[in-house]
Amino acid sequence: MSGAAKKWFIGCGIGCGLFILIIGGIGTVSYIGIKNAVDHGEDIEAGFEELRAEYGPPSDFVPQPDGAVPADRMAVFLAARDAMAEDRKVAGDILRTLDGQEVDGKSPGFLDKAKAGIQLIPSMMSFIDQRNQALLTEGIGLGEYLYIYTMSYYVLLEKDMTDGPGFTVSGEDEQNNGPIRWETSEGSSGDTQADRERRIRRYLHRIHLAMARNQLEAIATRGAPEGMKEQLEAEIALMEDEPLRILWETGLPPALQASLAVYRDQLEASYDAMVNVLESGLVEHD
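Because the structure is predicted, anything quoted here is derived from the model rather than measured. Each chain carries its own residue numbering, running from 1 in the direction its sequence is written. Reporting of local features is limited, given that this is a predicted model, to residues whose pLDDT is at least 70; pairs of side-chain atoms are given and counted only at 80 or more, and all residues count toward the totals for whole chains, interfaces and linings. As a rule here, side-chain values cover all heavy atoms of the structure and leave hydrogens and water aside.

A.B. asks: Account for the overall build of the chain, with residues named and values stated.
C.D. replies: Looking only at helices and strands, the chain has eleven helices and four strands in total. For each residue, the accessible area found with a 1.4 Å probe, counting protein chains only, is set against the maximum for its type, and the residue is called buried under 20%, exposed over 50%, and partly exposed in between. Taking all 286 residues of the chain together, 53% fall into the buried category. Accessible surface, the chain as shown: approximately 12600 Å² in total, 49% of it carbon and sulfur. A run of H or I in DSSP counts as a helix once it spans at least four residues, and a run of E counts as a strand once it spans at least two, with each numbered from the N terminus. Working definition of accessibility: Shrake-Rupley area with a 1.4 Å probe, residue cover restricted to the visible protein chains.

Next comes the structure, spelled out in structure tokens:
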């Protein structure tokens, strides 16, 4: 496995050809090999390649000069999210089960966690594959999708970018060649969230800064509302000084704020805190 699919595995801390089966309540796991993960990974990689061929890498996306998201593009974004709703719920419920949270009013027991452990990787891969297919079907690139997702949820709705399960999956070394361990011991969630936030911010900073520079170039050729150029230049300067800052972190510009705010209820309804880890920078694709 190589390219985008390999990045996806590494970004989630999962080595190729490995799967996790829970055998204990907290911090104890076993490992079994799975061949079909590699095959499914190739499908995911093919989806990434098709999106890249059609729209370029995420960092190529050019926001509107005023930063706003046109209504027709919001409609496309929301349609794509609707298309992946079933896979999002499946993945979210599995992660909630493994995190010890109630699912449909039921607290998970040992067998529930064991079953969820078996389903974990296939469900995550299915979600990413379905998302890619939804984007291709609806006609939206990863860059535009990521721009709308992050501006909507992390800035407009002030969702925590560390949203996700209270555990982390990690390998023994950078290449994830060693055994995978599942760290869910009590008191580890703070470290998990801190590490997750650094990784997400590092990735989004790079992508957002490229998008902001693209937007500045668009302003030079197409113009923008009064003051937008100066506001964007100031934001870019802040991002250049702060390597973990995301775009418009302290407040959206008026046009972008207005274009997203009217969809607040729809955006809220399609958000799953658990699945955020698959939507954000932990699933790198640039």
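There's plenty left to go through after this.
A.B. asks: Talk me through helix α9 (residues 254–261); I want residue IDs and the actual numbers.
C.D. replies: Considered for burial, the residues of α9 that qualify are Leu256, Ser259 and Leu260. The buried residues of α9 all sit within an arc of 90° when viewed along its axis, so they share a single face. Check the buried side of α9 and you find it contacts α3 (71–83), α6 (142–156) and α10 (264–269). This arc is built from the directions going out from the helix axis to the C-beta atoms. We call two residues in contact whenever any of their non-hydrogen atoms come within 4.5 Å of each other.

A.B. asks: Please provide a residue-by-residue account of the environment of Leu136, values included.
C.D. replies: Along the chain, the position of Leu136 falls in helix α5 (residues 110–138). Sequence separation between Leu136 and Ala80 is 56 residues; the distance between their C-alpha atoms is 8.9 Å. In contact with Leu136, not counting residues within four places along its chain, are Gly47, Glu50 and Leu51.

A.B. asks: Can you break down the packing of α3 against α6 residue by residue, with the values?
C.D. replies: Remark: α3 packs on α6, axes separated minimally by 11 Å, with the N-to-C direction vectors making an angle of 90°. With respect to α6, the element α3 is oriented roughly perpendicular. Contact residues: Arg73, Met74, Phe77 and Arg81 in α3; Glu144, Tyr145, Ile148, Tyr149 and Tyr153 in α6. Ten residues, namely Ala, Val, Leu, Ile, Met, Phe, Trp, Tyr, Cys and Pro, are considered nonpolar, four, namely Asp, Glu, Lys and Arg, are considered charged, and the remaining ones, Gly among them, are considered polar. Its residues assigned to classes, the contact of α3 with α6 comprises six nonpolar, no polar and three charged. To get an axis, a line is fitted to the C-alpha atoms, and for a helix only the part in contact is used. The angle between two axes follows their N-to-C directions and goes from 0 to 180 degrees. Any angle from 65 to 115 degrees is called roughly perpendicular, while one under 35 is roughly parallel, one over 145 is roughly antiparallel, and all others are oblique.

A.B. asks: For unusual backbone geometry, give the residues involved together with the corresponding values.
C.D. replies: Positive phi values are uncommon outside glycine, yet Asp104 reaches one of about 55°. Mapped onto the secondary structure, Asp104 falls in the loop between α4 (85–98) and α5. Accessibility expressed as a relative area gives 68% for Asp104, which makes it exposed. The phi dihedral of Glu158 is positive, around 55°, even though this residue is not glycine. Along the chain, the position of Glu158 falls in the loop between α6 and β3 (168–170). Residue Glu158 is classed as exposed on the basis of its relative accessible area of 67%.

A.B. asks: Break down the environment of Leu95 for me, with residues and values.
C.D. replies: Structurally, Leu95 can be placed in helix α4. Taking the relative accessible area as the measure of exposure, Leu95 reaches 3% and is therefore buried. Apart from the residues lying within four places of it in its own chain, the contact partners of Leu95 are Leu120, Pro165, Phe167, Met274 and Val277.

On their own, these measurements won't tell you what the molecule is for.
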